[in-house]
Amino acid sequence: MCVRLYLHVLFIYQFAMSLLIGDSHVRRFQQFLSTSNVDPMNINGLGALDFFGISGGSVRSVHHTQLLYSAVRDCRPHNVIVNLGSNDLDSSEDVDCIVLRLICFLTQLRSRFHLSNIVVLSFVKRYRTRNIPTHLYNERVQQTNAALKHHATIAHIRFWKLRGFTNSAHNIFCDGVHLNPRGQYKFLRQIRGILLSLL
């Protein structure tokens, strides 16, 4: 009886469901995976991964956060990976306000759905913006990542630094904002690393 129970728990743990939520980057990443037939884990499907991305997704939008809450509620994952906030950063709003709003959203996610882990991804520089000059946006990226790491640590939320994007300049973007296939493969390696760390 104990052995069977142990094996059952081990089985659930190994195949814990993870959900990647966020903005259009998540939606485009899901499309990339579906068209390229890439296994995110590359280890015989160990670990399930689902997606929910909103074009123009923003933490400031109550409608968007409610959609994200609904996605987590419907999916009931063990772990949530969050790539959100870059559209909020393309504004004159104070960086600390953006970060604290994001942290508040993450802590509510965890308490409402009893998640095992929440991983928040770092912000990445852009080469095209809508509302503020590009150089100002990229300066704000550095400030935001430092503040996000600090507040995430205090809130016991995992901060994941996306590596390999800082010095890649334009060759990983299709439009200065969204990733091209080369950039998607870089992002894939980061997601794979997160999923492996959660096993």
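Going by the structure above, here's the rest.
Analysis parameters
Residues numbered from 1 in each chain as written. Predicted model: local features only at pLDDT ≥ 70, side-chain atom pairs only at ≥ 80, totals over all residues. Heavy atoms only, no water. Helix = DSSP H or I, 4+ residues; strand = E, 2+ residues; numbered from the N terminus. Expected span 1.5 Å × (residues − 1). Buried < 20%, exposed > 50% of the residue type's maximum accessible area, 1.4 Å probe, protein only. Contact = heavy atoms within 4.5 Å. 1 Å grid on protein atoms, 1.4 Å probe; cavity = no way out; pocket = protein on both sides within 12 Å on 5 of 7 lines; lining within 4 Å. Points joined across faces, edges and corners; volume = space filled by probe spheres on them. Nonpolar A, V, L, I, M, F, W, Y, C, P; charged D, E, K, R; others polar. Pairing = 2+ DSSP bridges. Right-handed = clockwise from strand over helix to strand, strands pointing away.

Caption draft 1: Just helix H7 (residues 181–197), in detail. In a regular helix each residue adds 1.5 Å, so 17 residues correspond to 24 Å; H7 covers 24 Å between its end C-alpha atoms and thus fits that length. Among all positions of H7, only Gly183, Gln184, Lys186, Phe187, Leu188, Gln190, Ile191, Arg192, Ile194 and Leu195 are buried. Check the buried side of H7 and you find it contacts strand E1 (17–22), helix H2 (24–36), strand E2 (48–53), strand E3 (79–83), strand E4 (117–121) and strand E5 (158–160).

Caption draft 2: Here's a closer look at the layout of surface pockets. Considering only enclosed or pocket space, the largest pocket measures out at about 300 Å³ in volume. Lining the largest pocket are 20 residues; nearest its centre among them are Gly56, Asn87, Arg126, Arg130 and His178. Looking at the lining of the largest pocket, the elements that each hand over two or more residues are H2 and helix H4 (86–89). For the lining of the largest pocket, the element with the highest residue contribution is H2, accounting for four residues. Split by residue class, the lining of the largest pocket holds one nonpolar, ten polar and nine charged.

Caption draft 3: The arrangement of the pairing of E4 in detail. Within E4, four of the five residues are buried, which leaves the element mostly enclosed by the surrounding structure. Pairing of E4 with E5, which is carried by three bridges, proceeds in the parallel orientation. Bridged to Val120 within E5 is Phe159. With helix H6 (residues 134–154) bridging E4 and the parallel E5, this β-α-β connection has right-handed handedness.

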